[in-house]
Amino acid sequence: MPDAVRIALVFPSLLGTYGDGGNASVLAQRLRWRGVEAETVDVAVDDALPEQADVYVLGGGEDTAQTLAVSRLADGVLARAADAGKPVFAVCAGFQILGETFLDGAGAVHAGVGLIDCRTDRLPGSRAVGELLGEPAVDGVVELLTGYENHGGRTLLGPAAKPLARVRSGTGNGDGVDGAVQGSVVATYLHGPALARNPALADWLLSKVVGDLAPLDDSEEQELRRERLTALRRARAAWWRRQWRPPARGT
Amino acid sequence: MTARYTLARAAGATAAGLSRLTGRGGGTTIGGRVTLLVDPLAMTRAAAGRELALVTGTNGKTTTRTLLVAALETREPVVSNGGGANLPTGLTAALTADRTSRLGVLEVDEPFLPKVAQAVRPRAVVLLNLSRDQLDRYAEVRRLAGIWHEALSGPAAPAVVANADDPLVVWAATGATDVVWVAAGQGWTFDSTSCPACGDVLQRDGQRGWRSPGCGLARPTPAWSVTGRTVTAPDGTSYDVKLGIPGDVNVGNAALAAAAAGLWGVSPAKAFDAMARIPSVEGRYLETTYSGRPLRLLLAKNPAGWVEAIGMSRAEAPVVVAVNARAADGRDPSWLWDVPFELLRGRHAVATGERSRDVAVRLRYAGVDHIRVDDPADALRAAHGSGPIEVLANYTAFQSYRRVVRDA
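From a predicted model like this one, the values you see are computed outputs, not experimental measurements.

Peer 1: So what exactly am I meant to see when it comes to the overall build of chain B here?
Peer 2: Within chain B, the secondary structure is distributed over 15 helices and 17 strands. Projected onto the principal axes, the alpha-carbon positions of chain B cover approximately 60 × 60 × 40 Å. Counting only residues that meet the buried cut, chain B has 59% of its 408 residues in that class. The long-range fraction of contacts in chain B, counting pairs at least 24 apart against all pairs at least 6 apart in sequence, stands at 66%. For chain B, the distance from the average site of its 45 positive side-chain charges to the average site of its 38 negative ones is 5 Å.

Below is the structure:
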């Protein structure tokens, strides 16, 4: 176990539009609360990615930011980190750019960083905006994964990548699953931020760095999760009621 | 004046009156909607013969509109749209309700600027700033800058008064022929890391300068500059601006308003003097008491606004953080994690509002001593100590607190 766990927040000024920088804060605090030293490093867009970090976190961002971020990630630091089994956690645009290809705002295909066997094009129809709920599809996480999605991309996984969750409500990747797991690279469309809404997922990532973790009092997180799940159930019930309303009788 | 427009105006006024009578609302939106239904050109007709200034941007629309109205009213009466009714329906309602004022100042919701500018042909447009806000509605900040750019380019474009410190605003205004640049400041730079024109990483000099190495877009030399509370006008005269409302950010807004008022021949001295007499803006910055305790209401709708509001709040006072996530707020409160709530460490905080649980989790990770209380009035009673309380609230939560203090 390293002395102080270093969490690199990758280009927060480019990939941090939806509060996803919070994922790094959550990881660091959950270590500190257990007496493990932790520090977060905000990597500025002009700086090289540090080789010596233990965890790398990427967030969502806008189209122009995505292509810029890919060009800055071409130095291979992130690929070496993934090869070394260090957790790389990527959300939304961060997820898309770690794949093989993605589309920019004008619809042009760009090569991604290539750490995840996936390709992103456009969802048919409108953007996926709303609560996203998934059943985890990985060993070690049993709690439902909850968050908010806001994206127009559809991401199809290749054989080397496995989904992070099966979608119960919402869109996710667009084919019934959300996110990807490939080696130590974990990706999702969940904002919220994902690790604040899903402490079990945060601890699962941390356990890859520091081993088994003592439980924490997560009653505030659990209260938030219960409230969100209840809100989702209510919204779905309202939706079904609208579908069942008898059609207006025409003349 | 067409018969259709006359009818549309009457129908709108009737609908608004009915809405108020039945207690369904202020009637502004429904009135404007009915007017536009009867005469889709009503906004254009109601604007005819007037000289209008439009005010838009992510933060400071209502405050800057109010400051500009005060400055222009030193000359003559001004029609304006209050109550956050800044969509075409609200603008139409405001313009049809006041048939005499020749001058007007209208705040406009950011994405509606092109439509409104086309309809009312304003004399001036004031561009404040652009940053992330309600991403579930607008998706991208840069796209907004793009549609402004398109609307303000070309020979028929109005005069533009624009914030030279915000790269997104500068890019939006570069197509206009007549621009007055004001160094109104930019407290939040996280949405303008890359050049809005070419996508290259912007170089910043650590002061207020910025430049795109890719295409050369750079901070224009401002005609009006702002340093602390001092505003320097184009003729080199400096004014010590003492406002009745708090916040350095509002000195920048006052400078923008003074620059706009200058287009109508109002002197800076007269303009700032009129602005100084405004104690609060539609409940924002309102200082009042609740159960004998001094209390101040601060509105913050997005990360940039929260940073400003936390900065305005008195350092020793406990803070009530009230957050909803209704349509008008943005449905996703993930932005709570873009706000440096760590700044509240050492103070007592009360999380409330419909998304108080999100706030509580955010405060937990920020290391801020806090409790969570559902009811907004109970939340005030739960604040530690007996001194002043600062209430920081987002849009609809703020409206709840205006009712709480009014009913107290």
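Once the structure has been displayed, the description carries forward.
Peer 1: I'm lost on the interface of chain B and chain A in this one. Help?
Peer 2: Interface size is often expressed as the accessible area that is lost when the parts come together. Contacts between chain B and chain A engage 29 residues on the former and 37 residues on the latter. Taken together, both faces of the contact between chain B and chain A bury some 2900 Å²; the carbon and sulfur share is 52%. Three residues, Trp337, Arg364 and Tyr365 of chain B, lead the burial of chain B against chain A; their summed loss comes to 24% of the area buried on that side. Asp218 of chain A serves as the salt-bridge partner of Arg364 of chain B, at 2.9 Å between the closest nitrogen and oxygen. Inspection of the chain B/chain A interface yields 13 residue pairs in polar contact (both at pLDDT 80 or more). For the side of chain B that touches chain A, the element with the most residues is helix H13 (residues 356-366) of chain B, which contributes six residues. Taken together, the residues that form the side of chain B that touches chain A break down as nine nonpolar, six polar and 14 charged.

Peer 1: Where do I start with the domain arrangement of chain B in this structure?
Peer 2: All names here are of chain B. Considered domain by domain, chain B is made up of domain 1 (41-276) and domain 2 (287-407). With centres defined by C-alpha atoms, the gap from domain 1 to domain 2 works out at 28 Å. Of the roughly 1200 Å² buried where domain 1 meets domain 2, counting both sides, 54% is carbon and sulfur surface. For Arg132, the salt bridge goes to Asp338, with nearest N and O atoms at 2.9 Å. Across the domain 1-domain 2 interface, the total number found is two residue pairs in polar contact (both at pLDDT 80 or more). Within the residue set of the side of domain 1 that touches domain 2, elements represented by two or more residues are helix H7 (135-138) and helix H10 (248-262). Looking at the side of domain 1 that touches domain 2, its residues break down into three nonpolar, eight polar and four charged.

Peer 1: Help me out: how do you make sense of unusual backbone geometry in this one?
Peer 2: The phi torsion of most residues other than glycine is negative, and most of the peptide bonds are trans. A cis amide bond, omega -10°, links Gly192 of chain A with the succeeding residue Pro193 of chain A. Tracing the chain through its elements places Pro193 of chain A in the loop between strand S14 (185-188) and helix H5 (194-197). Positioned with a positive phi, Phe11 of chain A is a non-glycine residue whose angle comes to about 45°. In this structure, Phe11 of chain A sits in the loop between strand S1 (4-10) and helix H1 (22-32). At Tyr285 of chain B, a position not held by glycine, the phi torsion is positive, near 65°. Looking at where Tyr285 of chain B falls in the secondary structure, it is placed in the loop between helix H11 (268-276) and strand S12 (287-290).

Peer 1: When you look at the pattern of salt bridges in this model, what are you seeing that I'm missing?
Peer 2: Where side chains of opposite charge bring their charged atoms close, a pairing between them can arise. As enumerated under the stated definition, the model contains 40 salt bridges over all chains in all. Notably, a salt bridge pairs Arg45 of chain B with Asp39 of chain B, separated by 2.7 Å at the nearest N-O pair. Residue classification places Arg45 of chain B among the partly exposed positions, given a relative accessible area of 29%. Between Arg219 of chain B and Asp165 of chain B there is a salt bridge whose closest N-O contact spans 2.6 Å. Of the two residues, Arg219 of chain B sits in the loop between strand S8 (210-211) and strand S9 (225-227) while Asp165 of chain B sits in the loop between strand S5 (159-163) and helix H9 (167-173), which places them 54 residues apart along the sequence. The class of Asp165 of chain B is buried, set by a relative accessible area of 3%. Overlapping salt bridges, with partners in common, bring together Arg30, Arg34, Asp203, Asp218 and Glu221 of chain A together with Arg364 of chain B in one network.

Peer 1: Whenever I open this one, the sheet that holds strand S16 (residues 370-372) of chain B confuses me. Can you help?
Peer 2: Strand pairing in a sheet relies on backbone hydrogen bonds, with the paired strands running either antiparallel or parallel. All names here are of chain B. Pairing in this open sheet of six strands is mixed, and the strands run S12-S13-S17-S14-S15-S16 from one edge to the other. Unpaired on one side and paired on the other, S12 and S16 mark the two borders of the sheet. Direction aside, neighbouring strands of the sheet carry axes that sit 25° apart on average. Looking at chain direction, strand S15 (residues 349-352) and S16 are connected through three bridges and run parallel. Paired with Ala349 across the strands is His370, a residue of S16. With respect to the sheet, helix H15 (residues 395-407) is in contact with S12, strand S13 (293-299), strand S14 (319-322), S15 and strand S17 (389-393), its orientation differing from that of S13 by roughly 150°.

Peer 1: What is the right way to look at empty space enclosed by the protein in this model?
Peer 2: If a probe the size of a water molecule is rolled over the atoms, the empty space left behind becomes visible. Residue and element names in this part refer to chain B. Summed over all chains, the structure comprises five cavities of 30 Å³ or more. Of the volumes computed, that of the largest cavity is approximately 280 Å³. Elements that contribute at least two residues to the lining of the largest cavity include exactly helix H4 (61-72), H10, S13 and helix H12 (303-312). In terms of residue count, H12 provides more of the lining of the largest cavity than any other element does, four residues in total. Its residues placed into classes, the lining of the largest cavity shows seven nonpolar, nine polar and four charged.

Peer 1: Where do I start with the environment of Asp39 of chain B in this structure?
Peer 2: Residues and elements named next belong to chain B. Along the chain, Asp39 turns up in the loop between helix H2 (28-38) and helix H3 (42-47). Linking Asp39 and Thr193, residues 154 residues apart in sequence, is a C-alpha distance of 44 Å. A distance of 2.7 Å separates a polar atom in the side chain of Asp39 from a polar atom in the side chain of Arg45.

Analysis parameters
- Residues numbered from 1 in each chain as written.
- Chains lettered and ligands numbered in written order.
- Predicted model: local features only at pLDDT ≥ 70, side-chain atom pairs only at ≥ 80, totals over all residues.
- Heavy atoms only, no water.
- Helix = DSSP H or I, 4+ residues; strand = E, 2+ residues; numbered from the N terminus.
- Buried < 20%, exposed > 50% of the residue type's maximum accessible area, 1.4 Å probe, protein only.
- Contact = heavy atoms within 4.5 Å.
- Lys, Arg positive; Asp, Glu negative; His and termini not counted.
- Charge placed at Lys NZ, Arg CZ, Asp CG, Glu CD.
- Buried area = accessible area lost by both parts, 1.4 Å probe.
- Salt bridge = Lys/Arg side-chain N within 4 Å of Asp/Glu carboxyl O.
- Polar contact = N/O pair within 3.5 Å; in protein donor to acceptor, adjacent residues only side chain to side chain.
- Nonpolar A, V, L, I, M, F, W, Y, C, P; charged D, E, K, R; others polar.
- Domains from an automatic or database assignment.
- Pairing = 2+ DSSP bridges.
- Axes fitted to C-alpha atoms, helices over the stretch in contact; angles between N-to-C directions.
- 1 Å grid on protein atoms, 1.4 Å probe; cavity = no way out; pocket = protein on both sides within 12 Å on 5 of 7 lines; lining within 4 Å.
- Points joined across faces, edges and corners; volume = space filled by probe spheres on them.

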